[in-house]
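Single-letter residue listing:
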Amino acid sequence: MKKVYFDNAATTPMDPEVIEAIIPIMKENFGNPSSVHTFGRESRAIIEKARKQVANYIGASPAEIFFTSGGTEADNMILKCAVNDLGVNHIITSPLEHHAVLHTAEFLQQNGVKISYVDIDEKGYVVKESLEKLLDDNQNDTILVSLMHANNEIGNLISLKDYGKLIKSKGAYFHSDTVQTMGHYLFNLENLNIDFLTCSAHKFHGPKGIGFLYVNSDIKISPMITGGAQERNMRAGTENIIGIVGLTKAMEIAYRDLEEHQNYVQGIKSYMIEQLEQNIPGVSFNGDPKGKSLYTVLNVHFPPTDIAEMFLYNLDIEGIAASGGSACSSGTNVGSHVLRTLGVDQTVPNIRFSFSKFNTKDEVDYTINVLKELYAVNA
Ligand code: PLP
């Protein structure tokens with residue numbers, strides 16, 4: 001059976017070059033990086049070289065990079081440490097954030113932290129004026145603004161440069177969840193007023209369970225996980241050297257081939273939009289896929305059908321993997337907080353197709369044919 005993987009915002013397949021890079025590490029570099037003997041020192045050297053490379057790719061300094069188990073941990077750490085260590089008593093965020101941010105903010109709210117939400121317009125963009133007003137109205141608070149660079153469900157982007165400038169001018173801290181954009185866009189942190197960024201390797205063909213947190217060197221926070229001196233006392237636990245090497249290789253490939261991949265994947269997305277519009281009457285899109293939109297993500301609002309609840313399952317039977325609702329709860333049928341906020345009718349199928357460099361236009365054609373058949377039989 002044909003297999004089409006259109007769920008790359010949930011996770012991506014590992015790049016064969018990444019697999020090649022980590023095999024020798026698994027075979028030879030098993031030494032604990034904290035050990036003082038040669039085995040340990042070799043592992044330590046590999047990790048520090050990786051940190052330098054990662055910092056280099058995003059215009060940061062190695063001292064600003066802390067490896068974590070991924071995006072969720074990094075997001076948790078920023079919000080919790082901002083409250084504990086920086087005196088943040090007010091978090092301004094958006095109702096469309098990933099649960100790694102939203103649930104952490106809700107947890108902190110139970111402990112007395114004030115939480116405010118920016119307004120969102122009908123296309124899913126942050127209303128910048130509402131952020132400005134919240135910042136102006138709460139000048140006596142110590143504020144962390146947490147706004148994702150690209151939304152993982154609908155793909156809407158914000159300009160980190162514009163938001164960084166505004167937030168800095170109001171004296172607040174700025175965190176951006178860049179889990180969906182790191183490895184997909186260029187970052188130069190020398191030119192951005194950003195305090196914290198988060199990254200997860202499995203979103204750009206690296207391994208799962210590894211990511212990093214960028215903390216601007218002007219800021220001092222304490223560890224969230226304690227019990228060891230790893231990551232310069234900032235994150236206890238024996239380092240995931242295999243993951244760190246895999247993440248670094250995935251970043252190297254991503255930034256080496258960035259323009260080519262951007263154009264290629266955007267081509268697949270544009271083709272899918274065009275084919276859907278031509279072949280599925282009544283189709284529309286959530287978010288603004290032809291506007292400021294992440295090139296990997298397309299969230300499709302399908303016309304009513306008898307098999308709405310079984311739509312993903314029907315695609316899966318035909319070998320097509322996509323998701324509905326939130327990336328991390330794909331297949332759980334719980335509805336999406338993002339689409340709910342936008343007032344999208346969730347009784348019809350809303351399917352996120354997300355693409356990578358390993359997809360082809362033939363796969364789009366195959367998917368369109370399956371969709372046409374589903375609608376011919378069940379409309
Ligand atoms: N933030 C965003 C925007 C995401 O899309 C995800 C994963 O879906 C995460 C955070 C969590 O990252 P991880 O899977 O590395 O914990």
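Residues numbered from 1 in each chain as written. Predicted model: local features only at pLDDT ≥ 70, side-chain atom pairs only at ≥ 80, totals over all residues. Heavy atoms only, no water.

Draft legend 1. Representation of helix α2 (residues 38-57) within the structure. In a regular helix each residue adds 1.5 Å, so 20 residues correspond to 28 Å; α2 covers 29 Å between its end C-alpha atoms and thus fits that length. Within the sequence span of α2, burial applies to G40, S43, I47, A50, R51, V54 and A55. One face of α2 carries all of its buried residues, which in axial projection span an arc of 135°. Away from the buried face of α2 by more than 90 degrees, exposed residues K49, K52 and N56 are located. Residues of α2 that are buried sit in contact with β2 (65-68), β8 (211-215), α7 (230-233) and α8 (241-256). A positive phi of about 70° marks G59, the residue just after α2. (Helix = DSSP H or I, 4+ residues; strand = E, 2+ residues; numbered from the N terminus. Expected span 1.5 Å × (residues − 1). Buried < 20%, exposed > 50% of the residue type's maximum accessible area, 1.4 Å probe, protein only. Arc of directions from axis to C-beta. Contact = heavy atoms within 4.5 Å.)

Draft legend 2. Just unusual backbone geometry, in detail. If you check the backbone angles, E231 has positive phi at about 50° while not being a glycine. Relative to the assigned elements, E231 resides in helix α7. Its relative accessible area of 4% is what places E231 among the buried residues. A positive phi angle is found at N233, which is not glycine, with a value near 70°. Mapped onto the elements of the fold, N233 is located in helix α7.

Draft legend 3. Spatial organisation of the sheet that holds strand β7 (residues 196-200). The strand order across the open sheet built from seven strands is β2-β8-β7-β6-β5-β3-β4, with neighbouring strands paired in mixed fashion. On the outer flanks of this sheet lie β2 and β4 (114-117), each paired with one strand and no other. Between one strand axis and the next, the sheet turns through 20° on average, direction left out of account. Note: strand β3 (residues 90-93) against strand β5 (residues 143-146), four bridges, orientation parallel. Paired with I92 across the strands is V145, a residue of β5. (Pairing = 2+ DSSP bridges. Axes fitted to C-alpha atoms, helices over the stretch in contact; angles between N-to-C directions.)

Draft legend 4. Inspection of empty space enclosed by the protein at higher detail. Counting across every chain of the model gives two cavities of 30 Å³ or more. Roughly 210 Å³ of volume is contained in the largest cavity. Of all the secondary-structure elements, those providing two or more residues to the lining of the largest cavity are α8 and α9 (258-279). A per-class count over the lining of the largest cavity returns nine nonpolar, nine polar and three charged. Within this model, the second largest cavity holds a volume of roughly 110 Å³. Around the second largest cavity, the lining is made up of 15 residues, and of these G124, V126, M148, N156 and I158 lie nearest the centre. Partitioned by chemical class, the residues of the lining of the second largest cavity number nine nonpolar, five polar and one charged. (1 Å grid on protein atoms, 1.4 Å probe; cavity = no way out; pocket = protein on both sides within 12 Å on 5 of 7 lines; lining within 4 Å. Points joined across faces, edges and corners; volume = space filled by probe spheres on them. Nonpolar A, V, L, I, M, F, W, Y, C, P; charged D, E, K, R; others polar.)

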